[in-house]
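# Notes for the structure review
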Amino acid sequence: MFFAIVGVLGYRLAISKTPRSIAQSPEQRILALAKQLQGRVTLAEVVLHCQLEVERGRSLLKEMVRKGLAELHLSDQGDEVFMFGGFAPETKETAKDPLD
């Protein structure tokens, strides 16, 4: 009986650790959102979709800019837009060999 219980619990633990159910870091959630939105996100989108506090979201986005993962742009209305060039469709289309 003991081994049956351990087996069932082990099986449930194994199937609960599928890639989708593994907790992602806040940075990974932001990158996933940026990918979904074709490389452009605002702080409000990050806070809403990544379930972060405003200051935490702002801090993470600014850190990603500092690390070179994103660029900060301003919209015509003055809103901050964080651009993740690696997810922008035109980035891959216009890529060239660095030795050319």
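Residues numbered from 1 in each chain as written. Predicted model: local features only at pLDDT ≥ 70, side-chain atom pairs only at ≥ 80, totals over all residues. Heavy atoms only, no water.

## Comments concerning helix H4 (residues 54-66)
Applied cut-off: Numbering of helices and strands runs from the N terminus; a helix is a DSSP stretch of H or I covering at least four residues, while a strand is a stretch of E covering at least two. Take the residue count of a helix, subtract one, and multiply by 1.5 Å to get its expected span. Think of it in three bands: residues with accessible area under 20% of the maximum for their type are buried, residues over 50% are exposed, and the middle band is partly exposed, with areas taken using a 1.4 Å probe on protein chains only. By definition, the arc is the one covered by directions from the helix axis to the C-beta atoms.
Its 13 residues place the ends of H4 18 Å apart at the C-alpha level, agreeing with the 18 Å of an ideal helix rising 1.5 Å per residue. For H4, the set of buried residues is Gly57, Leu60, Leu61 and Met64. Looking straight down H4, one finds its buried side chains confined to an arc of 95°; they lie on one side. For H4, the exposed residues lying more than 90 degrees away from the buried face are Glu55 and Arg66.

## Some points on the sheet that holds strand S2 (residues 71-74)
We count it as follows: Note on pairing: two strands pair once DSSP finds at least 2 bridges between them. Should any heavy atoms of two residues lie within 4.5 Å, those residues are counted as being in contact. As a rule, the C-alpha atoms of each element are fitted with a line to give its axis, helices using only the stretch in contact, and angles between N-to-C directions run from 0 to 180 degrees.
On the basis of which strands lie adjacent, the open sheet formed by three strands has the order S1-S3-S2 and antiparallel pairing. Edge positions in the open sheet fall to strand S1 (40-41) and S2, since each of these has one partner strand only. Direction of pairing for S1 relative to strand S3 (residues 80-83): antiparallel, over a ladder of two bridges. Counterpart to valine 41 in the pairing with S3 is phenylalanine 82. Where H4 meets the sheet, its contacts fall on S1, S2 and S3, and the angle it forms with S3 comes to roughly 50°.

## Structural notes on the environment of glycine 39
Mapped onto the secondary structure, glycine 39 falls in the loop between helix H2 (26-36) and S1. On the basis of relative accessible area, glycine 39 is assigned to the buried category, the value being 3%. When the C-alpha positions of glycine 39 and phenylalanine 84 are compared, they lie 4.6 Å apart, and in sequence the two are 45 residues distant. Here glycine 39 is in contact with Ala34, Phe82, Met83, Phe84, Phe87 and Ala88, once residues within four sequence places are set aside.

## Concerning the environment of serine 25
Within the fold, serine 25 resides in the loop between helix H1 (2-16) and H2. Taking the C-alpha atoms as reference points, serine 25 and cysteine 50, 25 residues apart in sequence, are found 9.8 Å from one another.

## Brief notes about the pattern of salt bridges
Quick note on the threshold: Here a salt bridge means any side-chain nitrogen of Lys or Arg lying within 4 Å of a carboxyl oxygen belonging to Asp or Glu.
Under the definition given, this model contains three salt bridges. We note a salt bridge from glutamate 55 to arginine 58, for which the minimum N-O separation is 2.7 Å. With a gap of three residues between them, glutamate 55 and arginine 58 both fall in helix H4, about one helical turn apart. Classification of arginine 58 as partly exposed rests on a relative accessible area of 31%.

## A few points about the packing of helix H3 (residues 43-50) against H4
The condition is simple: Each crossing gets its hand from how the near helix is turned against the far one by less than a right angle, where anticlockwise is left-handed and clockwise is right-handed. Polarity classes work like this: nonpolar for Ala, Val, Leu, Ile, Met, Phe, Trp, Tyr, Cys and Pro, charged for Asp, Glu, Lys and Arg, and polar for all others, with Gly in that last group.
Contact geometry of H3 with H4 gives a least axis separation of 9 Å together with a crossing angle of 115°. Where H3 crosses over H4, the handedness of that crossing is right-handed. Only Val54, Gly57, Arg58 and Leu61 of H4 make contact with H3, whose side of the interface consists of Leu43, Val46 and Val47. For the contact of H3 with H4, a count of residues per class yields five nonpolar, one polar and one charged.

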